[in-house]
Amino acid sequence: NGAPVASGVGSGGSGGSLNIICHVLSGNGNIRANGGGVSEGINSGGGGGGRVAVSFDDMSAFAGQIEAKGGIATTNACCGILNGGAGTAYLKKNSDAYGTLIVDNGGTLTTGWGTPLTNTGAITLQKLILGGGARVDSAVPLQIAGSTASTGTNTFRVVDGSVLGDLTLTSSNQ
């Protein structure tokens, strides 16, 4: 029920990284790698969300939240141009071949491509979940074996040759 945190602090620091390897993940604590916000300074921006990876056998008793949101620039009241982009959370059951990648910025609006996905080759996942105003740009092919879900207003760009599995769009997506 604790709160593992690797979040940015101060003037827009990026979220850190957490790699949790366990048999059973339980409790109601939160796991966060959020970017730091900024409230002062001209042209100061929020830090980008960090990276969370959880490898587990069972997390059915986990009632907490896993976050990797970008930080908010409160000096920028007009728009999301200086807010930080979403980070990523990767959840993989130890017995499964592929895991689930979650990119959710918690409703924090950004501009540009706030969350680039890069790798030396294709990225293979069981499931991809986008939410909370995520703006994701994949520079490599994505191979989604199961499903891709996008809830809310998100922007998602993929390269030719990507396979998104069963695609579900809700609300306004681009």
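Our structure's up above, just so we're on the same page.
What counts, and where the lines are drawn
- Residues numbered from 1 in each chain as written.
- Predicted model: local features only at pLDDT ≥ 70, side-chain atom pairs only at ≥ 80, totals over all residues.
- Heavy atoms only, no water.
- Helix = DSSP H or I, 4+ residues; strand = E, 2+ residues; numbered from the N terminus.
- Contact = heavy atoms within 4.5 Å.
- Areas by Shrake-Rupley, 256 points an atom, 1.4 Å probe, with all protein chains shown as cover.
- Pairing = 2+ DSSP bridges.
- Axes fitted to C-alpha atoms, helices over the stretch in contact; angles between N-to-C directions.
- Core = buried A, V, L, I, M, F, W, Y, C linked by side-chain atoms within 4.5 Å.
- Buried < 20%, exposed > 50% of the residue type's maximum accessible area, 1.4 Å probe, protein only.
- Salt bridge = Lys/Arg side-chain N within 4 Å of Asp/Glu carboxyl O.
- Phe/Tyr/Trp six-rings, centres within 6.5 Å; stacked < 30°, edge-to-face > 60°.
- Lys NZ or Arg CZ within 6 Å of the ring centre and 35° of its normal.

**Observations regarding the overall build of the chain**
Working step 1: The helix and strand tally for the chain stands at zero helices and twelve strands.
Working step 2: For the chain, the N- to C-terminal ordering of α and β elements is β-β-β-β-β-β-β-β-β-β-β-β.
Working step 3: Sequence-distant contacts in the chain: of pairs separated by 6 or more residues, those separated by 24 or more amount to 52%.
Working step 4: Carbon and sulfur atoms provide 52% of the accessible area of the chain, an area that totals close to 8,500 Å².

**Thoughts on the sheet that holds strand 7 (residues 115-117)**
Working step 1: Read from one edge of the open sheet, three strands run 7-9-11, paired in parallel fashion. The open sheet has two free edges, formed respectively by strand 7 and strand 11 (155-157), since each of these has just one partner strand. Taking each pair of neighbouring strands and ignoring which way they run, the sheet shows an average axis angle of 15°.
Working step 2: As paired strands, strand 9 (residues 135-138) and strand 11 are joined by three bridges and run parallel to one another.

**Observations concerning the nonpolar core**
Working step 1: By size, the foremost hydrophobic cluster in this structure holds 15 residues, and its most contacted members are Val103, Leu128, Val136, Leu142 and Phe156.
Working step 2: At the level of elements, strand 6 (100-104), strand 8 (123-131) and strand 10 (142-151) are the ones that each hand at least two residues to this core.
Working step 3: Element by element, the count of residues in this core is highest for strand 8, at four residues.
Working step 4: By size, the runner-up hydrophobic cluster in this structure holds 13 residues, among which are Cys22, Ile31, Val52 and Phe62.

**Things to note about the pattern of salt bridges**
Working step 1: Evaluation of the coordinates by the stated rule reveals three salt bridges.
Working step 2: A salt bridge links aspartate 137 to arginine 157; its shortest N-O distance comes to 3.0 Å. Of this pair, aspartate 137 sits in strand 9 while arginine 157 sits in strand 11; the two residues are 20 residues apart in sequence, bridging distant segments of the chain.
Working step 3: A relative accessible area of 38% means that arginine 157 is categorised as partly exposed.
Working step 4: Via salt bridges that share partners, Arg32, Glu67 and Lys69 belong to a single interconnected network.

**Here's the deal with the side chain of threonine 108**
Working step 1: When you line up the elements, threonine 108 lands in the loop between strand 6 and strand 7.
Working step 2: Note on threonine 108: relative accessible area 9%, which makes it buried.
Working step 3: Residue contacts for threonine 108: discarding those within four places in its chain leaves Gly70, Gly71, Ile72, Asn83, Gly84, Gly132 and Gly133.

**What to know about the packing of aromatic side chains**
Working step 1: Tallied over the full model, the rule gives zero aromatic pairs.
Working step 2: Lying across the ring of tryptophan 113, arginine 135 places its NZ or CZ 5.4 Å from the centre.

That is the geometry; function is a separate question.
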